Amino acid sequence: MSKVIAFKRPSPKDKHKGKTLCRSGFHKWKVETEQKFDVKQGKLVTVLLCTRCGERKHKLI
Ligand SMILES: [Zn+2]
């Protein structure tokens, strides 16, 4: 019985990898605000936030 739980600590290498992915357009999107009303577009939008680089985008419903 030797089940070792490894705690993953983000190494600088991993961070670099993540940014590379972001630069390539592969963001790690997370829902920040669900369905807020965008007055400009007159539509409900979901705000997505990239957990790696902090970029935001709006997704139209
Ligand atoms: Zn990103």
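The following refers to the structure shown. This is a predicted model, so every value here is computed, not measured.

Description of the coordination of the zinc ion
Moving on, step 1. Every protein donor of the zinc ion is accounted for by Cys22 (SG), His27 (ND1), Cys50 (SG) and Cys53 (SG), and the metal-donor separations fall at 2.0 to 2.4 Å.
Moving on, step 2. In this structure, the zinc ion is surrounded by four donor atoms whose angles at the metal cover 105 to 116°, and the resulting shape is tetrahedral.
Moving on, step 3. We note that the donor set of the zinc ion lies within a single chain, spaced as C-x4-H-x22-C-x2-C. Placement of the pair is histidine 27 in the loop between α1 (12-23) and β1 (29-38) and cysteine 50 in strand β2 (residues 43-50), with a sequence separation of 23 residues.

Comments concerning the sheet that holds β1
Moving on, step 1. Strand order across the open sheet formed by three strands is β1-β2-β3, with antiparallel pairing between neighbours. At either end of the open sheet lies a strand with only one pairing partner, and these are β1 and β3 (56-60). Sheet twist, expressed as the mean angle between neighbouring strand axes with direction ignored, is 30°.
Moving on, step 2. Strand direction decides the pairing type here: β2 and β3, joined by five bridges, are antiparallel. Residue pairing in the sheet places leucine 49 in a bridge with arginine 56 of β3.

Here's the deal with the side chain of histidine 27
Moving on, step 1. Note on histidine 27: relative accessible area 19%, which makes it buried.
Moving on, step 2. Leaving out residues up to four positions away in the same chain, histidine 27 has contacts with Cys22, Cys50, Arg52, Cys53 and Glu55.

Looking at the pattern of salt bridges
Moving on, step 1. Under the criterion given, the structure shown has one salt bridge.
Moving on, step 2. Here glutamate 32 and arginine 56 are joined by a salt bridge, their closest N and O atoms 2.9 Å apart. Taken together, the positions of glutamate 32 in strand β1 and arginine 56 in strand β3 put the pair 24 residues apart, joining distant regions of the chain.
Moving on, step 3. For glutamate 32, a relative accessible area of 36% corresponds to the partly exposed category.

Rules used throughout
- Residues numbered from 1 in each chain as written.
- Predicted model: local features only at pLDDT ≥ 70, side-chain atom pairs only at ≥ 80, totals over all residues.
- Heavy atoms only, no water.
- Donors = N, O, S within 2.8 Å, 3.2 Å for Na, K, Ca; no water.
- Tetrahedral: all angles 85-135°; square planar, octahedral: opposite > 155°, others 65-115°.
- Helix = DSSP H or I, 4+ residues; strand = E, 2+ residues; numbered from the N terminus.
- Pairing = 2+ DSSP bridges.
- Axes fitted to C-alpha atoms, helices over the stretch in contact; angles between N-to-C directions.
- Buried < 20%, exposed > 50% of the residue type's maximum accessible area, 1.4 Å probe, protein only.
- Contact = heavy atoms within 4.5 Å.
- Salt bridge = Lys/Arg side-chain N within 4 Å of Asp/Glu carboxyl O.

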